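Examination of the molecular architecture
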Amino acid sequence: MKLVDEVGNVQLMQRINRLKVLETIRSKGPLARPEIARMTGLSPSSITNIITYLLERDLVAGMGTIDSRDVGRKATLIRFNPSAHGIVAVNVEIDKANIALTDLAGNILVMRDLAFDRRTLDFEILGLIKKEITLLLEGDTVQRNGVIGMGLAVSGLVKDEGRFVFSSSLRWKGLSIKEQFESLFRIPVFIQNNSKTKAIWALNKHVEDNDRNVIFLDLTMGIGIISFYDHRINEAVIGELGHTTVKKDGPPCFCGNRGCLELMCSVDAVLSNCREKLSRGRCAILAAQMKDGDGKLSYDAVLHAYASGDGDVRAILKECGEYLGMGIANIINLFNPQRIIINGDVLLKSGFIEETAKAEAGKRANEELMKGIKYQKVDIGIEESIQGIVLYVAGRMFELSDSIL
Ligand SMILES: [Zn+2]
């Protein structure tokens, strides 16, 4: 028994070291062997053995040489080889899903779009997604890209490592998607909330190594935040910033509270404030432009009226920006982030709201905590969302529990 344990331990250590090396090359590469040894703390002979192992499995490849200051001569650069394997990434939103086959770096090889009615039942949606994945896996591309993992990102609450998915927008109540998909496709399946996978994309693209404390502010559906510490999601933060109270006797919210931030600062809030002022004969420029156009009130029409100098519209957008600024000031005072990444979407189409929000945050947040804070605006579309899912899946695959090595 003891001997088995020892053999098991040696194998486990080998796996840990291989993963450590692969992860270093994947995230920091291309690198020469001496640099990898220095960065992982492993001996040069271990590195040589591990690199040989990874080269045989096409997970890494050699590319050119550099003058290595570690060994004082030329050394071959080793890069991660993303095209050796494939990942299936599925992004599920309220009325659509995108199903993609990518390489390990998130380059999309094939993508299929699926649209469904908002009334479609949970098992029907999952059935449609399974069918699309099956069609995708039958394609030619797969032969060259043995699929090793799958990721599903869903708008909703994902509990217990993706074993249960709750989504109020999709009306899913505790679906066990992971087991279903793993038994059908026989590969590891990872489920995550899609604000988190978008945040992972943004973190990888826009964050510098010395940014340890980062907040991702997502304005796409309501107002949510994801907190990162040391380049990992801080799971202790739920992030329902949109449902923090900013107005004592504000309008009632579906969450049961009143005066929630996202009721005071959203496209819907702007439109309903405009509607109210229009009914009282205000927003003259907006009214005139609507009369000349199709007569409909839209967010684009509002922004157009703002650009034409409508003072009432300006005041409405300013108030929306000020509330957003209150939310940002609260983020700064609570989390002391070095960087705030804002996923803009429709609400920030007008730079005026963003500028007002930043100015308001500057007035309200602690002066010391404001120093050196970096704002970054991003606009995450479907390709970026898919890449975020792949980054998440690849990260999980390279962790111990679900290793591909
Ligand atoms: Zn609320």
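Residues numbered from 1 in each chain as written. Predicted model: local features only at pLDDT ≥ 70, side-chain atom pairs only at ≥ 80, totals over all residues.

Packing of helix α7 (residues 194-206) against helix α15 (residues 382-397) brings their axes to within 7 Å, and their N-to-C directions diverge by 90°. The orientation of α7 with respect to α15, classified from their angle, is roughly perpendicular. Note on element contacts: α15 touches α7 through Glu384, Ser385, Gln387, Gly388, Ile389, Leu391 and Tyr392, opposite Asn194, Thr197, Lys198, Ile200, Trp201 and Asn204. Of the residues contributing to the contact of α7 with α15, the split by class is 5 nonpolar, 6 polar and 2 charged. (Axes fitted to C-alpha atoms, helices over the stretch in contact; angles between N-to-C directions. Helix = DSSP H or I, 4+ residues; strand = E, 2+ residues; numbered from the N terminus. Parallel < 35°, antiparallel > 145°, perpendicular 65-115°, else oblique. Contact = placed C-beta atoms within 7 Å. Nonpolar A, V, L, I, M, F, W, Y, C, P; charged D, E, K, R; others polar.)

A word on the domain arrangement of the protein. When the domains of the protein are assigned, the result is domain 1 (2-80), domain 2 (84-199 + 383-397) and domain 3 (221-379). Taking only C-alpha atoms, the centre of domain 1 and the centre of domain 2 are 31 Å apart. (Domains from an automatic or database assignment.)

Looking now at unusual backbone geometry. Pro30 follows Gly29 through a cis peptide bond whose omega is 0°. Checked against the element boundaries, Pro30 lands in the loop between α1 (2-28) and β1 (31-32). Phi at Asp58 is positive, roughly 65°, even though this residue is not glycine. Relative to the assigned elements, Asp58 resides in the loop between α3 (44-56) and β2 (60-68). Its 12 C-beta neighbours within 10 Å are what place Asp58 among the exposed residues. Unlike most non-glycine residues, Arg186 shows phi in positive territory, near 55°. Tracing the sequence through the fold places Arg186 in the loop between α6 (177-185) and β11 (189-193). (Buried ≥ 20, exposed ≤ 12 C-beta atoms within 10 Å, placed from the backbone.)

Take the sheet that holds strand β8 (residues 157-159) next. Pairing between sheet strands relies on hydrogen bonds along the backbone, with the strands arranged either parallel or antiparallel. One open sheet holds the 3 strands; their spatial order is β8-β9-β10, and the pairing between them is antiparallel. A single partner strand is all that each edge strand has here, and the edge strands are β8 and β10 (172-175). Across the sheet, the mean angle separating the axes of adjacent strands is 10° when strand polarity is ignored. (Pairing = 2+ DSSP bridges.)

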